[in-house]
Amino acid sequence: MGLKKEADRVIALGGNPNVGKSTVFNELTGLHQHTGNWIGKTVTNAQGYCNHKQQGYAVVDLPGCYSLIAHSAEEEVARDFICSGKADVIIIICDATCMERSLNLVLQTLEIASNVVVCVNLMDEAEKKGIKIDLSVLSEQLGVPVVGTAARSKKGLALLMDAVARTIEQNHEKKNVKITSFEDAGDTLRGLDPYITISAVDDICKKSITYENNNYRTRDSRIDHILTGKWTAFPIMILALLGIFWLTITGANYPSEMLSKFLFWIEDQLVVLFQWLHVPEVLTGLLLSGVYRVLAWVVSVMLPPMAIFFPLFTLLEDVGVLPRIAFNLDKCFKKCCACGKQSLTMCMGFGCNAAGVTGCRIIDSPRERLIAIITNSFVPCNGRFPILIAVISMFFVGAASGGIKTILSAAFLTIFILLGIFMTFLTSKILSKTVLKGVPSSFTLELPPYRKPQIGRVIIRSIFDRTLFVLGRAVCVAAPAGLLIWLMANIVVKDKTLLVYCAGFLDPFARLLGMDGVILFAFILGFPANEIVIPIIIMSYMAEGSLQQIESFTILRQLFIDHGWTWITAVCVMLFTLMHWPCSTTCLTIKKETQSLKWTLLSVLIPTGMGMLLCFIFANAARLVSSFF
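This report concerns the structure included in the present document. (Residues numbered from 1 in each chain as written. Predicted model: local features only at pLDDT ≥ 70, side-chain atom pairs only at ≥ 80, totals over all residues. Heavy atoms only, no water.)

So, the overall build of the chain
This is how the line gets drawn: Think of it this way: any DSSP run of H or I at least four residues long counts as a helix, any run of E at least two long counts as a strand, and we number them from the N terminus. For each residue, the accessible area found with a 1.4 Å probe, counting protein chains only, is set against the maximum for its type, and the residue is called buried under 20%, exposed over 50%, and partly exposed in between. By the convention used here, residues are in contact when the closest approach between their heavy atoms is within 4.5 Å. In these tables, accessible area is a Shrake-Rupley quantity obtained with a 1.4 Å probe, and a residue counts as shielded only by the protein chains included in the view.
Regarding its fold elements, the chain presents 25 helices and 11 strands. Across the 629 residues in the chain, those meeting the buried criterion constitute 53%. Residue pairs in contact within the chain that sit at least 24 positions apart in sequence constitute 75% of those at least 6 positions apart. As presented, the chain carries roughly 28800 Å² of accessible surface, and 64% of it is formed by carbon and sulfur atoms.

Written out as structure tokens, the structure reads:
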């Protein structure tokens, strides 16, 4: 429970999604947090520690849920912890701008526990919208303490902790804390008449809430009419996708180039140091030309785009746009007999497929969760973007310049992303009708109010929680890959390296797919990290024993053309980049999430098979058409 002393108290923090629960938790606990999984569950939990007036509190952040009538793992976890009696106080956080939605969970919690404090968060936003909440009347209606807060600015949190302390003291003196047993909780909650509950919520709201402006939701409704409209939703989504890619490509170019030069300058200094120390040449090659150079490529290629893409993605989430995207895609996934929540996990896959697979925990149905996991790699992660961008820049927008080139690159990239999304739908449909048959489940999808994003917090959270985390995993798998690549490129058997032998063996099959043996083997060696695919191709074509850095796409394009690349090769490389086996990190994550080698293998074979099929059809069709001209 994170208790530091026996005298510490336990606070359970509950509430609907998008009510600022995480903000309250973060402000109370600061850096004294840790995360993990609930015992026997894949649902993530967060625990923290705080002090208030010389009293220690362990804060347990319960999963965000709309109801304690358990239809999902999240609701089950929240209900079970409340019924366990481990919490001295249960804080239920409500959204001041939409109390009707939050009070249902409050009333359910009061049915099974009495040691409850209600926190009405986002009071500052409610004030801006002309919503006035009489907290004393609300407290009288509910029969428990009610405290108003604006957690983003830390207002009211001290009063909240005072209410927590008083509740603990009063319950300790009266010794009358009501906790419904685990066995009885489900029956108690299911026994509630939903119409009576709705009536009670309406009655409470009428007595405690007044609206100075009854049209306070008009602005949100107008924006929703555009973002979720029948004719406007998908064009706007595509334009937003194009904009994000344009910003990522434009913003990442110069930092990536500078970082690359800096890291390779460090390598030069390390070479001098190794020479001064008389380090054996073989060891120098292994550590510097092998391990270090691969790491330098991965870091310089991955870090700048991730540092831009993840904050942009998180801003969409923070503003309230991401739930609208899920709403728009919900019907598409329902037609594929899949879950609408898969739209959220698919979006997470753009940053990192491993993160997208982990995010599939939000899908309650095991069948639909497996579909989401298997198809997640159809959208390219941050590690595959550099390959797509490089090929697009060399073979399709090379003649353009400046801003036009960037816009064209983003447009071509968007087209391939849309192809990946289409293949996600198609494969989900096929799986739903074959090995994973079933009826799509329903779920509650909330459209939260639009909010001003916390840009500073978003940037910090994106960099530390996502960018550096994903980069750290990539570095861990890229280091041994660099060692293996260097060995294969330097071990010579009968005047040929192992790299050349392997590429030659794969060449006949690769030609059927519109590529060559070098390209296909580079993808195989890129299993630990997709970022090293292009460097391996360069190394093989230049017959060098280590990865090489080429400054210009023009020089790189000529190198590829000299080795037989055509526009057909370029398209096939992009198709295979879009659809092939997940990286090693994602495969390990799939194995962990499914606890099944069978589903892990299927997650590898299905996208690879689809990619090979598309490459084969396109390459041979294009060659046939070209033969007539």
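Section: the pairing of strand β5 (residues 89–95)
Formally: Two strands make a pair as long as DSSP finds a minimum of two bridges between them. With its strands directed away from the observer, a crossover is right-handed exactly when the path from the first strand over the helix to the second travels clockwise.
Here β5 lies mainly inside the structure; 7 of its 7 residues are buried. Both faces of β5 are covered, namely the face carrying Val89, Ile91, Ile93 and Asp95 and the face carrying Ile90, Ile92 and Cys94. Summarising the sheet, strand β1 (residues 9–15) and β5 pair through 5 bridges and their orientation is parallel. Pairing of Gly14 across the sheet is with Ile92, part of β5. Sheet analysis places β5 next to strand β6 (residues 116–121), joined by 6 bridges and oriented parallel. When the sheet's bridge partners are listed, Ile90 is paired in β6 with Val116. A crossover links β5 with its parallel partner β6, the connecting element being helix α3 (residues 99–112), and its sense is right-handed.

Observations regarding helix α23 (residues 567–578)
Just so we agree on the cut-off: To estimate how far a helix should reach, multiply one less than its number of residues by 1.5 Å. For the purposes of these results, a polar contact is taken to be a pair of N or O atoms within 3.5 Å, where, inside protein, one atom must be able to donate a hydrogen and its partner to accept one; residues adjacent in sequence count only when each atom of the pair is a side-chain atom.
Given a rise of 1.5 Å per residue, 12 residues ought to cover 16 Å, and the 17 Å separating the end C-alpha atoms of α23 matches this to within 8%. For α23, the tally of buried residues reaches 11 of 12 residues, placing the bulk of the element in the interior. Those residues of α23 lying buried are Ile568, Thr569, Ala570, Val571, Cys572, Val573, Met574, Leu575, Phe576, Thr577 and Leu578. Where α23 begins, one side-chain oxygen reaches toward the backbone nitrogen of Ile568, 3.2 Å away; that side chain belongs to Thr566.

Points about the state of the cysteines
To keep things clear, this is the line we draw: Cysteine sulfurs are considered disulfide-paired once they come within 2.5 Å of each other.
Tallied over the entire structure, the rule returns 0 disulfides. The thiol sulfur of Cys615 is not disulfide-bonded, and the nearest other cysteine sulfur, from Cys572, lies at 4.9 Å.

Focus on the nonpolar core
How we decide: By convention a nonpolar core is built from buried Ala, Val, Leu, Ile, Met, Phe, Trp, Tyr and Cys residues, the set being connected through side-chain atoms within 4.5 Å.
Leu413, Ile537 and Phe560 are the most contacted members of the largest nonpolar core, which has 108 residues in total. Here this core takes 16 residues from helix α11 (residues 281–319), the largest share from any one element. The residues contacting Leu413, other than those within four sequence positions of it, are Phe245, Ile249, Phe385, Leu388, Ile389 and Ile392.

Overview of the packing of aromatic side chains
Selection criterion: Note on aromatic pairs: the rings of Phe, Tyr and Trp (six-membered ring only in Trp) are paired at centre separations within 6.5 Å, and the planes decide the class, stacked below 30 degrees, edge-to-face beyond 60, tilted for the rest. We count a charge as sitting over a ring when the NZ of a lysine or the CZ of an arginine lies within 6 Å of the ring centre and within 35 degrees of the ring normal.
Taken as a whole and judged by the stated rule, the model has 9 aromatic pairs. With centroids separated by 5.6 Å and ring planes inclined at 80°, the aromatic side chains of Phe576 and Trp581 adopt a geometry described as edge-to-face. The exposure class of Phe576 is buried, given its relative accessible area of 0%. Exposure remark for Trp581: the relative accessible area of 13% places this residue in the buried category. Against the face of Phe395 rests Arg557, its NZ or CZ located 5.4 Å from the ring centre.

Overview of the pattern of salt bridges
Note the following rule: Salt bridges are counted wherever a side-chain nitrogen of Lys or Arg sits within 4 Å of a carboxyl oxygen of Asp or Glu.
Taken as a whole and judged by the stated rule, the model has 12 salt bridges. With a closest N to O distance of 2.6 Å, Asp61 and Lys21 form a salt bridge. Placement of the pair is Asp61 in strand β4 (residues 55–61) and Lys21 in helix α1 (residues 21–29), with a sequence separation of 40 residues. Across the pair, Lys21 and Asp61 agree in class, each one buried. With a shortest N-O distance of 3.4 Å, Lys207 and Asp203 are connected by a salt bridge.

What about the packing of helix α24 (residues 584–594) against helix α25 (residues 597–626)?
This is how it is decided: Here the axes come from fitting lines to C-alpha atoms, over the contacting stretch only for helices, and the angles between their N-to-C directions go from 0 to 180 degrees. For any pair of crossing helices, the crossing counts as left-handed if the nearer helix is rotated counterclockwise from the farther one by less than a right angle, and right-handed if it is rotated clockwise. For this classification, the nonpolar set comprises Ala, Val, Leu, Ile, Met, Phe, Trp, Tyr, Cys and Pro, the charged set comprises Asp, Glu, Lys and Arg, and every other residue, Gly included, is treated as polar.
Where α24 meets α25, the axes come as close as 8 Å, and the angle between the chain directions of the two elements is 145°. The two elements α24 and α25 cross, and the hand of that crossing is right-handed. Contact residues: Cys587, Ile590, Lys591 and Thr594 in α24; Leu597, Trp599, Thr600, Ser603 and Val604 in α25. Here the residues of the contact of α24 with α25 are counted per class, giving 5 nonpolar, 3 polar and 1 charged.

Remember that the coordinates give geometry; whether it matters functionally is a separate question.
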